[in-house]
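# A structural walkthrough
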Amino acid sequence: MPRAERLRRAAGCALLVIVLAAFAGGLLLYGWRSGFGGSTSNDYIARWRDDPASRPALNTVGGVACPGAPFILPSSGLIGLLWGDPAAPYTLTRRHTGIDIFGAGEPGTVPVYAVYAGWLTRRPEWRSTVIIRHDDPLQPGRTLWSYYTHLASRDGSVDFIAPQFPPGTAEQPVTQGTLLGYQGEFAGAGAPILMHVHLSLVLDDGQGGFLNEALLVNTVDPSPYFGMVLDIGAQPPRPVRCPGA
Ligand SMILES: [Zn+2]
């Protein structure tokens, strides 16, 4: 075979390999973003992040309850990741344990409210987190906890938690709608995040504390408490809002 022909064939092979690799890489990236579970949550979050003009149409108003629901939504913004969501950085085997609300505005300016009356605790080591113990309004006699996090600046040096709840606060009574603080970007040792508040509803451990909120089995589906479909498995229409809103 002439040298020129050999070179042409080799170049053709290399091009084919590059195209196939790009295609496979694209598939993998798409799969990772959706948690290989078909979640479109990251598409909405990307739109919210990249196109501020899209935000009014994606926003759900916080500080109020859906008709007949016991809990108020803790903050305003895009309800991005849902309960049980496998979208990145979560996976099918490590699903998101609550809801993420991405607010419009600068860190430290979008308020976060107590979803229901209860008793607030902030452990001494908690920079960006509070938790509230509640009498469960849907299962009388049961204790349920609402856990809020990311209420601090990107590097964690400034917390956005209301000053009446300093580190070490224990079992301080709060009413529904009490201002807890403001949305932030702090994710502990994790990668920097887009500003939001994370909220989980966590089961009681039966000994005055709460179970590990990072495990889905220790949390409950927030849908009935907020009167809107927040379970990714139920594939709610996006943006998630009160029925008929
Ligand atoms: Zn979250």
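Note that the structure is predicted; figures quoted are calculated from it, not measured. (Residues numbered from 1 in each chain as written. Predicted model: local features only at pLDDT ≥ 70, side-chain atom pairs only at ≥ 80, totals over all residues.)

### What about the overall build of the chain?
- When helices and strands are tallied, the chain shows four helices and nine strands.
- Secondary structure elements in the chain, listed N-terminal to C-terminal, are α-α-α-β-β-β-β-β-β-β-β-β-α.
- Principal-axis analysis of the C-alpha atoms places the extent of the chain at approximately 85 × 40 × 40 Å.
- Every one of the 245 residues in the chain was classed for burial, and the buried ones make up 38%.
- Put simply, 65% of the contacts in the chain that link residues at least 6 apart link residues at least 24 apart. (Helix = DSSP H or I, 4+ residues; strand = E, 2+ residues; numbered from the N terminus. Buried ≥ 20, exposed ≤ 12 C-beta atoms within 10 Å, placed from the backbone. Contact = placed C-beta atoms within 7 Å.)

### Observations concerning the environment of G206
- Within the secondary structure layout, G206 lies in the loop between β9 (197–203) and α4 (223–226).
- For the pair G206 and R142, spaced 64 residues apart in sequence, the C-alpha separation works out to 9.6 Å.

### Some points on the nonpolar core
- Counting 53 residues, the largest nonpolar core has I99, V130, L151 and L230 as its most contacted members.
- With four residues, β9 is the largest single contributor of residues to this core.
- What L151 contacts, discounting residues up to four positions off in sequence, is V112, S128, D159, F160, I161, G181, Y182, Q183, G184 and V197. (Core = buried A, V, L, I, M, F, W, Y, C linked by C-beta atoms within 7 Å.)

### Comments concerning the environment of A214
- Structurally, A214 is set in the loop between β9 and α4.
- Under the C-beta neighbour-count criterion, A214 is labelled exposed, with 12 such atoms within 10 Å.
- Separated by 119 residues in sequence, A214 and R95 place their C-alpha atoms 9.1 Å apart.

### Thoughts on helix α2 (residues 41–50)
- Where α2 is concerned, the buried positions are S41, N42, Y44, I45 and W48. With its buried residues spanning 155° around the axis, α2 presents them on a single face. (Arc of directions from axis to C-beta.)

### Quick word on unusual backbone geometry
- With an omega of 10°, the peptide bond running from A88 to P89 counts as cis.
- Tracing the chain through its elements places P89 in the loop between β1 (78–79) and β2 (99–102).
- Each neighbour pair has its own omega, and for R238 with P239 the value is -10°, a cis peptide bond.
- Take P239: it is sitting in the segment after α4.
- Even without being glycine, E171 reaches a positive phi, approximately 55°.

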